[in-house]
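Geometric and topological summary
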2 protein chains.
Amino acid sequence: MKQVAIIGVGHTKFGTLSDKGLINLLSDASLEAISNSNTSDKDFDSVYVGAMSPSAFNNLSGIASALVDRIGLLPAAADHIKNGPASGGSAIKAGFQAIASGMDDLVLVVGGEKMTHITTPGYVTSNIATLTHPQAERQHGVSLPSLAGLLTRAYLEKYDAKLEWISDIAIKNHKNGALNPIAHFQRTIESFMESAIQKGKGNWNDVHEFLKDDKTNPVIADPLRLFHVCPISDGAAALVMCNAEIAKEYCDTPILITGIGQATDTHIVFEREELTMLEALRICSDKAYKMAHKTPKDVDVAELHDAFEILEAVQSEDIGFFAKGEGAKAAHEGLTKIGGKIPINPSGGLKARGHPLGATGVAQVVELVWQLRGEAGKRQVEGARTGITCNFGGFGNNIISIIVERY
Amino acid sequence: MKQVAIIGVGHTKFGTLSDKGLINLLSDASLEAISNSNTSDKDFDSVYVGAMSPSAFNNLSGIASALVDRIGLLPAAADHIKNGPASGGSAIKAGFQAIASGMDDLVLVVGGEKMTHITTPGYVTSNIATLTHPQAERQHGVSLPSLAGLLTRAYLEKYDAKLEWISDIAIKNHKNGALNPIAHFQRTIESFMESAIQKGKGNWNDVHEFLKDDKTNPVIADPLRLFHVCPISDGAAALVMCNAEIAKEYCDTPILITGIGQATDTHIVFEREELTMLEALRICSDKAYKMAHKTPKDVDVAELHDAFEILEAVQSEDIGFFAKGEGAKAAHEGLTKIGGKIPINPSGGLKARGHPLGATGVAQVVELVWQLRGEAGKRQVEGARTGITCNFGGFGNNIISIIVERY
């Protein structure tokens, strides 16, 4: 198998990007990654685009074909990879295999989504709910937030954990996001609280009290409240990847992709043996560790899929950092902050960087590339040489884990 | 690069399949391919699903994750590959690269679409029209049939060809489809004519006269009429692929995939230098031939993408069988029928086998596997050992060509 290197990255700001369409966002991230990799004058072999629902959100099909023309990469092969909110991770895997097989030498991978323009109430969340099982879940009103609420209840009860610890994850991620110039929310939750106080909306002794207020932090899916769930965001992120043999021609600090694992679990969440365990993550991260000849102890920094803050806690266990039931507590104790034992989501995660569905899996790897190159600015994890991701499709029924390394 | 073999195939009937949903169709084809490959007790590494618009047609996301659970292949990796009507070809390419890279040994590829249940007038064709360029084409009313009509006019004029020759392609494909038990239309056009005569709808001296009648064969996109365009169909087709080193453990007659090429062209058709030439097909088939160490003369049988019958003529030229402008005439002269110089679409093609968008690219390869195994029954191309496909995304802006060989 050929070794695969990342030689360039691109990342639009995430947020409400009213003046851009989906193809614009994909183009912007792609051109930045191409420029960053010094490949502007090269012929690309293929382009892989990760996006969840451009048909429903943007009335577009054939987005990979459209993009490759827009950014001047004809006649490169182009495909659109769909795996719900893990579409970005799946697109990276597709690009990886194109190079690893020896068929392609130079590949662009880009993920993106454009949703904030949709004004029909419930349209976006209803579309995302099509990931659930039509008969066993969706027709009964089950949505991804409701499953996350159930998971939170089960976790708190089973492990005698506290909702405040889940809040601590959101607090940390907003703190990290405040240091990230491309994040959707570049603000701490403390600063939201201060604004609310200044606007006379209330007075709170501390941020945890603020987070328990039904007005400033309403319940979304009991017990999860607004600040426990990620926003709806627009944005795109891109990677230029190549056969590692030629990587140094383009880039002084290529980052190797040394492990990729992907695994599925039951579509119907109820059919799983244990609600609080992500079996697919256990399997796929194990595959990635084995492929990279690493263990969880070798990891310096991780980007996990905190679409709901409970997920970061559970994922931090099933990816091997903490024992079952210890993830939320570890976050509460500061072990996952920048400078902690294992920094998680220095980018701000989905909570603060934002979650333009198809962009997220690629954005996670872009953040790790910045961290491993030492280019992460104020949120730099010192000396990071190995990173891992968890990109989460459906409600944990299709998960991808990617390991990247500086060499 | 690891060699990749096809060890099993599955294919639902194509047509109006009112009693099945999309996931059912994908399951049926998949389980048949698994049974055909004697892998029912094996662990699959990954599943690739090709489908164009399950979101718009079936209100489903995450179809690969849903399928892998339905057919008992958990925890195999699962991704959905989208490339318009070439989604099936792209899914095969993804599966090929997974094995060729050495990451996977046993892979299921399935393509399918379920459309005939949609009763809103124009919904399906409007959705397919989202493949065109939004500003330069779609907003002016351009659709894929209208582009095919323009291409036909340009071709007839430039090469002094006759519309009757394009009709001859449809006549041949219906003749082949009549021999194919899974085809949407298992009838010759002659039999349609005879039925119309019996019903007192008219009287015609021959099939070409019948095809010029505005009542029995109305204009769809001038000069193309109903019998020059493929139907809207439901259906699915599947392949089990494996590392060729282990193929003989499962199957006496594995078929090798020896060449795959994919290339893109301008999104806006008007921007192409020559409307009657499919530059992307020239590039991608050339790649496939080089990879397989073959030339067009080595090909015994081909499955081309005749969504509109003009396309078979043009593709038969740009894939290297005939000189430019000679494709329609060659069909007229019988060179492309079973037993001719180079049999094209012995399956009946998209015209008669039908065109469930995402299924087509996989169905093309299934037909070639049957031909190369000598299992094609009455439509068998004698002694066929090498076959090629053209799977056509958008209006020629993303084309895949696959070469398969018996060894």
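Because the structure is a prediction, the values reported are computed rather than measured. (Residues numbered from 1 in each chain as written. Chains lettered and ligands numbered in written order. Predicted model: local features only at pLDDT ≥ 70, side-chain atom pairs only at ≥ 80, totals over all residues.)

Side note on the overall build of chain A
The cut-off we apply is this: Here a strand is any run of E in DSSP of at least two residues, a helix any run of H or I of at least four, and the numbering for each starts at the N terminus. Each radius of gyration is computed over the set of C-alpha atoms, and the globule rule expresses the reference value as 2.2 Å times the number of residues to the power 0.38. Counting other C-beta atoms within 10 Å of its own, a residue is labelled buried from 20 upward, exposed at 12 or fewer, and partly exposed in the gap between, with every C-beta atom placed from the backbone. Two residues qualify as being in contact provided that their C-beta atoms, derived from the backbone, are within 7 Å of each other.
Helices and strands together make up the secondary structure of chain A, namely 14 helices and 12 strands. A compact globule built from 407 residues should have a C-alpha radius of gyration of about 22 Å, and chain A, at 20 Å, falls within 12% of that. Counting only C-alpha atoms and orienting by the principal axes, one finds that chain A spans roughly 55 × 45 × 45 Å. Counting across all 407 residues of chain A, residues that qualify as buried make up 66%. Taking contacts inside chain A between residues at least 6 apart in sequence as the whole, the part at least 24 apart equals 75%.

What to know about helix 11 (residues 309-318) of chain B
All names here are of chain B. Within helix 11, 10 of the 10 residues are buried, leaving the element largely enclosed by the surrounding structure. Within helix 11 the residues assigned to the buried category are E309, I310, L311, E312, A313, V314, Q315, S316, E317 and D318. Summarising the contacts, the buried residues of helix 11 are in contact with helix 6 (144-158), helix 7 (163-177), helix 10 (279-292), helix 12 (327-332), helix 13 (349-352) and strand 11 (391-393). Immediately beyond the C-terminal end of helix 11, within one or two residues, lies G320, with a positive phi of roughly 100°.

Brief notes about the relation of the copies chain A and chain B
Condition: Residues reaching a pLDDT of at least 70 in both copies supply the C-alpha atoms on which the copies are superposed by least squares.
Between chain A and chain B, the superposition needs a rotation of 180° and an axial shift of 0.0 Å, giving an RMSD of 0.0 Å. Given the turn and translation reported, the copies of this chain are related as if by a two-fold rotation axis. Minimal C-alpha distance to the rotation axis in chain A is attained by S101 of chain A, lying at 1.8 Å. Both copies share a contact surface, since 100% of the interface residues of chain A are interface residues in chain B too.

Some remarks on the domain arrangement of chain A
Residue and element names in this part refer to chain A. Our working definition: How far each domain reaches was decided by an automatic or database domain assignment.
Partitioning chain A into structural domains gives domain 1 (4-119 + 232-249) and domain 2 (258-406). Measuring from the centre of the C-alpha atoms in domain 1 to the corresponding centre in domain 2 gives 21 Å. Between domain 1 and domain 2, the contact holds 33 residues from the first and 27 residues from the second. No other element matches the eight residues that helix 4 (residues 87-100) contributes to the side of domain 1 that touches domain 2.

A closer look at unusual backbone geometry
Residues and elements named next belong to chain B. In this chain, L74 is followed by P75 through a cis amide linkage whose omega measures 5°. On the secondary structure map, P75 appears in the loop between helix 3 (63-70) and strand 3 (77-82). Residue D222 is joined to P223 through a cis peptide bond whose omega torsion reads 5°. Of note, P223 is situated in the loop between strand 5 (219-221) and strand 6 (224-225). Although it is not a glycine, H293 sits at a positive phi angle of roughly 55°. You can see H293 is positioned in the loop between helix 10 and strand 9 (301-303). Taking the number of C-beta atoms within 10 Å as the measure of exposure, H293 has 10 and is therefore exposed. Despite not being glycine, N345 has its phi angle at roughly 55°, a positive value. Position of N345 relative to the elements: it lies in the loop between helix 12 and helix 13. For N345, a count of 29 C-beta atoms within 10 Å puts it in the buried group.

Some words on the interface of chain A and chain B
Interfaces are often described in size by the accessible area the parts lose on coming together. The test is simple: Any residue that is not Ala, Val, Leu, Ile, Met, Phe, Trp, Tyr, Cys, Pro, Asp, Glu, Lys or Arg is counted as polar, Gly included; the first ten are nonpolar and the last four charged. Think of it this way: DSSP has to see at least two bridges between two strands before they count as a pair.
Contacts between chain A and chain B engage 47 residues on the former and 47 residues on the latter. Considered class by class, the residues forming the side of chain A that touches chain B number 21 nonpolar, 22 polar and four charged. With three bridges connecting them, strand 3 (residues 77-82) of chain A and strand 3 of chain B associate as antiparallel partners. Paired with K82 of chain A across the strands is H80 of chain B, a residue of strand 3 of chain B.

Some thoughts on helix 10 of chain B
A turn of α-helix holds 3.6 residues, and therefore any two residues three or four places apart point the same way. Residue and element names in this part refer to chain B. Note the following rule: Each helix should span, by expectation, one fewer than its residue count multiplied by 1.5 Å.
Between its terminal C-alpha atoms helix 10 stretches 20 Å, which fits the 20 Å expected from 14 residues at 1.5 Å a residue. The element helix 10 is extensively covered by neighbouring structure, given that 11 of its 14 residues are classed as buried. What helix 10 keeps buried is the set E279, A280, L281, R282, I283, C284, S285, K287, A288, Y289 and A292. Buried residues along helix 10 sit against strand 8 (255-264), helix 11, strand 10 (386-389) and strand 12 (398-406). H293 sits one or two residues past helix 10 and shows a positive phi near 55°.

Considerations on the packing of helix 7 of chain B against helix 11 of chain B
Residue and element names in this part refer to chain B. Filter applied, for reference: Axis angles are defined between N-to-C directions and span 0 to 180 degrees, where every axis is a line fitted to C-alpha atoms and, for a helix, only to the segment in contact. In these notes the angle categories are as follows: under 35 degrees is roughly parallel, over 145 is roughly antiparallel, 65 to 115 is roughly perpendicular, and the rest is oblique.
Between helix 7 and helix 11, the shortest axis-to-axis distance is 8 Å and the interhelical angle comes to 100°. Classed by the angle they form, the pair helix 7 and helix 11 counts as roughly perpendicular. Every residue of helix 11 that contacts helix 7 at I166, I169 and A170 is listed here: E309, I310, E312 and A313. In terms of residue class, the contact of helix 7 with helix 11 is built from five nonpolar, no polar and two charged.

Considerations on the confidence of the model for chain A
Reading predicted coordinates in detail is not appropriate for stretches of low pLDDT. All names here are of chain A. Filter applied, for reference: Confidence scores per residue from the predictor, reported as pLDDT, run from 0 to 100.
Mean pLDDT over chain A: 97, with 100% of residues reaching 70 or higher. Within chain A, the lowest mean pLDDT, 91, falls on helix 5 (residues 123-128), and the highest, 99, falls on strand 9 (residues 301-303). On the interface metric, ipTM, the complex scores 0.97, and its pTM is 0.98.

Considerations on the environment of V9 of chain B
Residues and elements named next belong to chain B. Tracing the backbone through its elements, the reader meets V9 in strand 1 (residues 4-11). Classification of V9 by C-beta neighbours within 10 Å gives buried; the count is 25. Each C-alpha atom, one on V9 and one on A33, is 4.2 Å from the other, the two residues being 24 residues apart in sequence.

Some points on the pairing of strand 8 of chain B
Residue and element names in this part refer to chain B. Counted residue by residue, strand 8 has eight buried out of 10 residues, so it is predominantly covered. Two elements, strand 1 and strand 8, share three bridges in a ladder whose sense is antiparallel. Within the sheet, the bridge partner assigned to I6 lies in strand 8 and is I255. Of the strand pairs in this sheet, strand 8 and strand 12 are connected by nine bridges, and their pairing is antiparallel. When the bridges of strand 12 are listed, T264 appears paired with N398.

A look at the nonpolar core
Note the following rule: Throughout this description, the term nonpolar core refers to a group of buried Ala, Val, Leu, Ile, Met, Phe, Trp, Tyr and Cys residues whose C-beta atoms join them within 7 Å.
Grouped together as the largest cluster of nonpolar side chains are 272 residues, with contacts concentrated most on L239 and V362 of chain A together with L239 and V362 of chain B. Per-domain counts for this core show at least three residues from each of domain 1 (4-119 + 232-249) and domain 2 (258-406) of chain A. Among residues more than four places away in sequence, those in contact with L239 of chain B are I6, V9, A33, I92, V109, V362, V365 and V366 of chain B.

Thoughts on the environment of I169 of chain A
Residue and element names in this part refer to chain A. Here I169 is to be found in helix 7 (residues 163-177). The exposure class of I169 is buried, given the 29 C-beta atoms found within 10 Å. As a C-alpha pair, I169 and H228 span 59 residues in sequence and 8.4 Å in three-dimensional space.

Digging into the packing of helix 4 (residues 87-100) of chain B against helix 14 (residues 357-373) of chain B
Residue and element names in this part refer to chain B. For the pair helix 4 and helix 14, interaxial distance at closest approach is 5 Å and the crossing angle is 60°. For the element pair helix 4 / helix 14, the angle class is oblique. Within the contact between the two elements, helix 4 uses S87, G88, G89, A91 and I92 and helix 14 uses L357, G358, A359, T360, G361, V362 and V365. Considered class by class, the residues forming the contact of helix 4 with helix 14 number six nonpolar, six polar and no charged.

Side note on the pairing of strand 12 of chain B
Residue and element names in this part refer to chain B. Across the nine residues that make up strand 12, a large majority, eight, are buried. As judged from the three bridges shared by strand 10 and strand 12, these two strands associate in the antiparallel manner. Residue pairing across strands places I388 opposite I403, the latter belonging to strand 12. When strand 11 meets strand 12, the two strands line up antiparallel, connected through three bridges. Considered in strand 12, the bridge of F392 is made with I399. The hairpin formed by strand 11 and strand 12 contains four residues between the paired strands, and G394 there has a positive phi angle of roughly 55°.

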